[in-house]
Amino acid sequence: MSGLIVAFLLFDAGIHLMKPAPVVEAFAKLGYPLRLAVTLGIIELVCVVLYVIPRTSILGAILLTGYLGGAIATQLPTGNSLFGEVLFPVYIGVIVWGGIYLRDERLRKLIPLRS
């Protein structure tokens, strides 16, 4: 689960850094200056690296949750589909936390599904 989400987030960070046409179009549609694409890509990349490192994985998941919350806030005023583009970052966040929950015993002890 974590591997799939890491691959997706690395791809997403990479396209922010490379700025292909779909990224340019999306930034224009959202009203963000294109110069922020690299900054967002670097922030996402740092969060993913922290998520991958076992000692900092929970911090990485927390930071990714904040990053994805910003993505939700960005999508809300666009009029895009609620269960498509708007909630897509929520789906990613659930997978981020599900993956870390399955691989990190510290988190399972902190938040047991049953007692």
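A quick note: this is a predicted structure, and the numbers were derived from the prediction, not measured.

1. Quick notes on the overall build of the protein
Helices and strands together make up the secondary structure of the protein, namely 7 helices and 0 strands. Reading the protein from its N end, one meets helices and strands in the order α-α-α-α-α-α-α. Burial status across the protein gives 30% buried among its 115 residues. At a minimum sequence separation of 6, the contacts of the protein that also span at least 24 residues come to 58%. Of the roughly 7100 Å² that the protein leaves accessible, carbon and sulfur atoms contribute 73%. Placing the 9 positive and 6 negative side-chain charges of the protein at their respective mean positions leaves the two points 9 Å apart.

2. Some thoughts on the packing of helix H3 (residues 36-52) against helix H4 (residues 57-75)
For the pair H3 and H4, the least separation of the axes is 6 Å and the interaxial angle reads 150°. Considering the angle they form, H3 stands roughly antiparallel to H4. Handedness of the H3/H4 crossing: left-handed. For the pair formed by H3 and H4, the contact residues are Leu40, Ile43, Glu44, Cys47, Val48, Leu50 and Tyr51 on the first element and Ser57, Leu59, Gly60, Ala61, Leu63, Leu64 and Tyr67 on the second. Of the residues belonging to the contact of H3 with H4, the class tally is 11 nonpolar, 2 polar and 1 charged.

3. Section: the side chain of serine 57
Tracing the sequence through the fold places serine 57 in helix H4. When its relative accessible area of 1% is taken as the criterion, serine 57 is described as buried. Beyond its immediate sequence surroundings of up to four residues, serine 57 is in contact with Leu50, Tyr51, Ile100, Arg103, Asp104 and Arg106.

4. A few points about H4
In this model H4 runs 27 Å from its N-terminal to its C-terminal C-alpha over 19 residues, within 8% of the 27 Å that 1.5 Å per residue would give. By the burial criterion, the buried members of H4 are Ser57, Gly60, Ala61, Leu64, Tyr67, Leu68, Thr74 and Gln75. For H4, the arc enclosing every buried residue in end-on projection is 130°, short of the 170-degree limit, so these residues lie on one face. Buried residues in H4 make contact with helix H1 (2-18), helix H2 (21-30), H3, helix H5 (82-86), helix H6 (88-103) and helix H7 (105-110).

5. Observations regarding the side chain of glutamate 44
You can see glutamate 44 is positioned in helix H3. In this structure, glutamate 44 is buried with no salt-bridge partner, the nearest side chain bearing the opposite charge being arginine 103 at 14 Å. Separated by 3.4 Å, the side chain of glutamate 44 and the backbone nitrogen of alanine 13 make a polar contact. Discounting residues that sit within four places of it in the chain, glutamate 44 has contacts with Leu9, Asp12, Ala13, His16 and Tyr67.

6. Observations concerning a nonpolar patch on the surface
A cluster of nonpolar side chains, namely Phe8, Phe11, Leu82, Phe83, Phe88, Val90, Tyr91 and Val94, defines an oily patch on the protein surface of about 780 Å² accessible area. Broken down by secondary-structure element, the contributors of at least two residues to the nonpolar patch are H1, H5 and H6. Looking at the nonpolar patch element by element, the count peaks at 4 residues for H6. In this structure, phenylalanine 83 sits in helix H5. Of the residues examined, phenylalanine 83 reaches a relative accessible area of 62% and is grouped as exposed.

Conventions used here
- Residues numbered from 1 in each chain as written.
- Predicted model: local features only at pLDDT ≥ 70, side-chain atom pairs only at ≥ 80, totals over all residues.
- Heavy atoms only, no water.
- Helix = DSSP H or I, 4+ residues; strand = E, 2+ residues; numbered from the N terminus.
- Buried < 20%, exposed > 50% of the residue type's maximum accessible area, 1.4 Å probe, protein only.
- Contact = heavy atoms within 4.5 Å.
- Areas by Shrake-Rupley, 256 points an atom, 1.4 Å probe, with all protein chains shown as cover.
- Lys, Arg positive; Asp, Glu negative; His and termini not counted.
- Charge placed at Lys NZ, Arg CZ, Asp CG, Glu CD.
- Axes fitted to C-alpha atoms, helices over the stretch in contact; angles between N-to-C directions.
- Parallel < 35°, antiparallel > 145°, perpendicular 65-115°, else oblique.
- Left-handed = near helix turned anticlockwise from the far one by under 90°.
- Nonpolar A, V, L, I, M, F, W, Y, C, P; charged D, E, K, R; others polar.
- Expected span 1.5 Å × (residues − 1).
- Arc of directions from axis to C-beta.
- Salt bridge = Lys/Arg side-chain N within 4 Å of Asp/Glu carboxyl O.
- Polar contact = N/O pair within 3.5 Å; in protein donor to acceptor, adjacent residues only side chain to side chain.
- Patch = residues over 30% accessible without salt bridge, like charges linked within 9 Å, V, L, I, M, F, W, Y side chains within 5 Å.

By themselves, these observations are geometric and do not establish any function.
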